[in-house]
Amino acid sequence: MTIPIPTGVFDIVPKPHHGDEWRSSHLWSFVDSMARRLAELYACQEIRTPIFERTELFSRSVGDDTDIVSKEMYTFEDRGGRSLSLRPEGTAGVIRALITERMLHSSGPTRLFYLGPMFRYERPQAGRVRQHHQFGVEVFGVAGPEQDAELVEMLVTFYKMLGITDLTVHLNSLGTGSARHVFVEAFKEFLRPQLGALSEDSRKRFEKNPLRILDSKAPEDQAILENAPSILDFLGAEDKAHFEIVQSILSNQGVSFEVNPHLVRGLDYYQKTVFEITSGKLGAQNTVGGGGRYDSLVKELGGPDMPGIGFATGLERVIHTLLKSRTAAEIPKNPLHIALLPMSEKEVRYAMNVASRLREVGLSCFIDFSFKKLKNTLSRVVDMQAQYVIVIGETEIQTNRLEVKRLLTGEKKIVALEALSSFLQQAVNIQNESI
Ligand code: HAM
């Protein structure tokens with residue numbers, strides 16, 4: 001009996017089933033490499049943290065009353081009786097690591113990025129999986145609004161580099177401390193007489209996490225929320241000025257955005273600027289990425305009093321969006337430069353020797369060990385999209401001269417073994433340039 005894959009998780013493979021192109025591994029490599037390139041352009045360094053942490057790290061940061069912590073975490077006891085959880089997001093683990101490593105005492109900002117899986121026990125549906133992958137960036141030590149604007153711009157640039165269009169940037173400010181408290185009270189006063197008309201989820205949130213009601217998508221809530229007070233009217237002078245500078249820098253950088261006073265995000269650690277980017281090309285789960293400022297979190301987790309801000313984008317959704325404007329075949333793949341086809345076991349040693357020479361100069365090389373009829377192996381290397389093919393038989397070994405065939409055009413050329421590496425290196429470069 002075969003063992004099925006668990007619900008809500010997926011394999012990323014070279015050739016997924018038809019219609020499931022988003023699981024093609026070359027798309028994931030492409031997106032990963034773009035993320036790394038972007039991080040380099042914005043002077044961020046990589047951090048890798050464990051995929052599980054002590055449960056209290058998430059309850060204290062993301063918040064006990066959030067859906068993520070109260071309903072969606074994969075929590076288990078290890079054999080030593082400790083409560084651990086698979087990470088549902090990356091920010092808390094990054095801060096825990098920086099505190100453990102005493103990295104937050106150095107002068108100058110700390111700018112980090114991460115790529116990796118996150119786990120949330122959600123009802124699987126389009127755009128929602130139980131293991132998703134995030135590219136995230138966190139910056140510590142800069143309190144000013146310039147940093148907020150740079151990070152929003154960075155996330156937008158990521159999507160631009162991937163060729164993703166039809167995106168909307170939503171911006172809001174949640175203010176800090178007392179202003180937020182006053183707003184929450186005013187918001188509850190506004191809702192109280194209409195409590196009965198709210199959705200069941202929102203009624204549950206009314207006492208524990210009323211802010212989340214603001215971004216409810218339930219139609220019965222939306223009608224009520226239209227007339228709700230705006231959190232932006234409650235901001236203190238400093239927070240208001242901060243938010244205005246974020247907006248003016250973004251405009252100056254040519255990043256369009258919408259101010260959305262209903263945007264609150266699903267994690268409790270935010271204050272001041274929050275943002276989300278949605279795609280007009282996805283269905284209900286249309287948020288591709290989001291983030292915000294969390295100036296009190298480092299201290300709350302036992303570190304120094306240090307501001308922080310970051311974002312994360314879900315790579316499943318990035319790839320789904322990408323595939324709305326480009327096909328999987330249009331996304332560049334690592335090329336296979338050469339396929340070597342020894343005709344029998346007798347030519348294997350020679351072929352492996354040739355392959356070593358080619359790989360040494362950076363050419364990718366596949367050796368066919370099946371020794372099947374040439375017709376069969378040729379169709380296989382066409383399928384692998386090899387650029388050049390070399391068949392190796394007795395004559396080739398005797399003469400040390402090899403016939404190099406370019407698959408795309410059928411052109412052939414006899415090349416001496418000594419000259420082969422440099423000939424192919426040049427040919428591959430020329431070919432890549434002409435593509
Ligand atoms: P988040 O909005 O919870 O933020 O998640 C970030 C992104 O991960 C979402 O915009 C979405 O694209 C993707 N995502 C989340 N859950 C799922 C899921 N079940 N299936 C597929 N994709 C999903 C955070 O996690 C924050 N840590 C972001 C941040 C970093 N804020 C400051 N720094």
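What comes next concerns the included structure. What you see is a predicted model; the values in this text were computed from it and never measured.

Moving on: the site of the ligand. The environment of the ligand is made up of 27 residues, and the closest members are Glu89, Arg120, Glu122, Glu138 and Tyr270. Here a nitrogen atom of the ligand sits 3.0 Å away from a polar atom, N or O, in the side chain of Thr91. Residue Glu138 places a side-chain N or O atom 2.8 Å away from a nitrogen atom belonging to the ligand. Look at the ligand: alone it shows 650 Å² of surface, and the protein chains cover 96% of it. Of all the secondary-structure elements, those providing two or more residues to the shell around the ligand are strand E6 (131-140), strand E10 (287-293) and strand E11 (308-314). In terms of residue count, E10 provides more of the shell around the ligand than any other element does, six residues in total.

Our next topic: the side chain of Gln271. Relative to the helices and strands, Gln271 resides in the loop between strand E8 (258-259) and strand E9 (273-279). Among the polar contacts listed, one links the side chain of Gln271 to the side chain of Ser296, at a separation of 2.5 Å. If we skip the residues at most four places from it in the chain, Gln271 touches Leu174, Gly175, Thr176, Arg180, Arg293, Tyr294, Asp295 and Ser296.

This part takes up the sheet that holds strand E16 (residues 412-416). One open sheet accounts for five strands, arranged E13-E12-E14-E15-E16; its pairing is mixed. Lying at the two open borders of the sheet, with one neighbouring strand each, are strand E13 (365-367) and E16. Looking at each pair of strands side by side, their axes are set apart by 25° on average, direction ignored. Relative to strand E15 (residues 401-406), strand E14 (residues 386-392) runs antiparallel, the two being bridged by three bridges. Each residue of the ladder has a partner; that of Val389, found in E15, is Lys405. Against the sheet, helix H12 (residues 348-360) makes contact with strand E12 (336-342), E13, E14 and E15, and its axis sits at roughly 170° relative to E13, the strand it touches most. Packing of helix H13 (residues 374-383) onto the sheet brings it into contact with E12, E13 and E14, and relative to E12 it is tilted by some 165°.

Attention now goes to helix H9 (residues 237-252). Taking 1.5 Å as the rise per residue, H9 with 16 residues should run 22 Å; its terminal C-alpha atoms sit 22 Å apart, in good agreement. Along H9, the residues classified as buried are Asp239, His242, Phe243, Val246, Gln247 and Leu250. Along H9, the residues classed as buried sweep out an arc of 130° about the axis, all on the same side. Exposed side of H9, more than 90 degrees from the buried face: Ala237, Glu238 and Asn252 are the residues found there. Among the structural elements, helix H5 (145-162), strand E7 (167-173), E8, E9 and E10 are those in contact with the buried residues of H9.

Looking now at the pairing of E9. Within E9, seven of the seven residues are buried, which leaves it mostly tucked inside the rest of the structure. Neither face of E9 is exposed, since Thr273, Phe275, Ile277 and Ser279 on one face and Val274, Glu276 and Thr278 on the opposite face are all buried. Across seven bridges, the pairing between E7 and E9 is antiparallel. Opposite Val169, over in E9, you have Ile277 as the bridge partner. Bridging between E9 and E10 involves five bridges; their strand directions are antiparallel. Within E10, the position partnered with Val274 by the bridge is Gly292.

What counts and what doesn't
Counting starts from 1 at the beginning of each chain's written sequence and moves along it residue by residue. Where totals are concerned, whole chains, interfaces and linings use all residues; where local detail is concerned, this predicted model gives features only for residues with pLDDT of at least 70, and gives and counts side-chain atom pairs only at 80 or more. Water and hydrogen atoms were dropped before computing side-chain values, which therefore reflect all heavy atoms in the structure. One heavy atom suffices: a residue is near a molecule or strand as soon as one of its heavy atoms comes within 4 Å of it. Polar contacts here mean pairs of N or O atoms no more than 3.5 Å apart (in protein, one a potential hydrogen donor and the other a potential acceptor; neighbouring residues in sequence count only if both atoms are side-chain atoms). Only the protein chains shown count as cover for residues, and all accessible areas are computed by the Shrake-Rupley method using a 1.4 Å probe. Each helix is a run of DSSP H or I of at least 4 residues and each strand a run of E of at least 2, with the numbering of both proceeding from the N terminus. Whether two residues are in contact is decided by their heavy atoms, any of which lying within 4.5 Å being enough. The criterion for strand pairing is that DSSP finds at least two bridges linking the strands in question. Axis lines are fitted to C-alpha atoms, over the contacting stretch for helices. Their N-to-C directions set the angle, which ranges from 0 to 180 degrees. The span one expects for a helix is its residue count, reduced by one, times 1.5 Å. Each residue is assigned to one of three classes by its accessible area relative to the maximum for its type, calculated with a 1.4 Å probe on protein chains only: buried under 20%, partly exposed between the two thresholds, exposed over 50%. Here the arc refers to the directions that run from the helix axis out to each C-beta atom.

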